[in-house]
Amino acid sequence: MPRVTLALFSAALFVVGGAVADDNSGDAAKGKEAFQQRCLVCHFEDSADKKIGPGLAGIKEGTLPSGKEATFENVLENLNKGGNGMPAFEQMLSDEEKSDIAAYVLSL
């Protein structure tokens, strides 16, 4: 019986840990709407050409305009902290909005 309990406990930790670790699952469709309202003024979504900020087309290939790897965490960091003229959106957007925008940006 203790083995069964241990196995169930381990499985539960895996599921809960996976849910926490997989926190990078925004809704790209909602993110597109938010991007078009908040980000499109400075960033092209369908071109890599510079607008006010860098164009974001091609990010799904794996690299951000900064040269960093195109990961959810790196996009979220850019949204939160800004930099190079981009404002920090950490306090301006909800966590859900930032997750959604990150998911959308990673699809470009």
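Counting of residues starts from 1 at the beginning of each chain's written sequence and follows it residue by residue. Whole-chain, interface and lining totals are the exception, using all residues; otherwise, since this is a predicted model, local features are given only for residues with pLDDT of at least 70 and side-chain atom pairs are given and counted only at 80 or more. Side-chain figures throughout are based on the complete set of non-hydrogen atoms in the structure, without hydrogens or water.

(A) Fine view of helix H4 (residues 95-105). In terms of burial, H4 is largely enclosed, as 8 of its 11 residues are buried. For the exposure calls, accessible area comes from a 1.4 Å probe over protein chains only, and a residue counts as buried if that area is under 20% of its type's maximum, exposed if over 50%, partly exposed in between. Numbering goes from the N terminus for both helices and strands, where a helix is a DSSP run of H or I of at least four residues and a strand is a run of E of at least two. For H4, the full list of buried residues reads Lys 98, Ser 99, Asp 100, Ile 101, Ala 102, Ala 103, Tyr 104 and Val 105. On its buried face, H4 sits against helix H2 (28-38) and helix H3 (72-81). What makes two residues a contact is simply this: any of their non-hydrogen atoms within 4.5 Å.

(B) Spatial organisation of the pattern of salt bridges. We define a salt bridge as a side-chain nitrogen of Lys or Arg found within 4 Å of a carboxyl oxygen belonging to Asp or Glu. Applying the stated criterion to the full structure yields 3 salt bridges. Between Glu 96 and Lys 30 there is a salt bridge, with the nearest N and O atoms lying 3.6 Å from each other. Here the residue Glu 96 occupies a position in helix H4, and Lys 30 occupies one in helix H2, the gap between them amounting to 66 residues. Of the charged contacts, one joins Lys 98 and Asp 95 as a salt bridge, the two residues approaching to 3.5 Å between their closest N and O atoms. Of this pair, Lys 98 and Asp 95 both sit in helix H4, 3 residues apart, roughly one helical turn. Given the relative accessible area of 4%, Lys 98 is considered buried. Using a relative accessible area of 60% as the deciding quantity, one classes Asp 95 as exposed.

(C) Summary view of the layout of surface pockets. With a 1 Å grid laid over protein atoms only, a set of points is called a cavity when a 1.4 Å probe fits there but cannot get out and a pocket when it is open yet has protein on both sides within 12 Å along at least five of seven lines; lining residues have an atom within 4 Å of a point. Grid points are joined across faces, edges and corners, and a volume is the space filled by probe spheres set on the points. Considered as a void within the structure, the largest pocket measures approximately 630 Å³ in volume. In this structure, the largest pocket is lined by 28 residues; those nearest its centre are His 43, Pro 54, Asn 78, Gly 83 and Met 86. Elements supplying a minimum of two residues to the lining of the largest pocket: H2, H3 and H4. Any residue outside Ala, Val, Leu, Ile, Met, Phe, Trp, Tyr, Cys, Pro, Asp, Glu, Lys and Arg is labelled polar, Gly included; the first ten of those are nonpolar and the last four are charged. Of the residues contributing to the lining of the largest pocket, the split by class is 16 nonpolar, 8 polar and 4 charged.

(D) Layout of the side chain of Asn 80. Mapped onto the elements of the fold, Asn 80 is located in helix H3. Residue contacts for Asn 80: discarding those within four places in its chain leaves Ala 88, Phe 89, Glu 90 and Lys 98.

(E) Structural detail: H3. Among all positions of H3, only Phe 72, Asn 74, Val 75, Leu 79 and Asn 80 are buried. Close packing links the buried residues of H3 with H4. Backbone geometry just after H3 places Gly 82 at a positive phi near 65°.

(F) Structural view of the packing of H2 against H4. The axes are straight lines fitted to the C-alpha atoms, using for helices just the contacting stretch, and the angles between their N-to-C directions are given from 0 to 180°. Across the interface, H2 lies against H4 with an axial gap of 7 Å and an inter-helix angle of 100°. The pairing of H2 with H4 is recorded here as roughly perpendicular in orientation. Contacts between H2 and H4 involve Ala 28, Lys 30, Gly 31, Lys 32, Ala 34, Phe 35 and Arg 38 from the first element and Glu 96, Glu 97, Asp 100, Ile 101, Ala 103, Tyr 104 and Val 105 from the second. Classifying every residue of the contact of H2 with H4 by side-chain character gives 7 nonpolar, 1 polar and 6 charged. Throughout this description, any angle smaller than 35 degrees is read as roughly parallel, any larger than 145 degrees as roughly antiparallel, any in the 65 to 115 degree range as roughly perpendicular, and the remainder as oblique.

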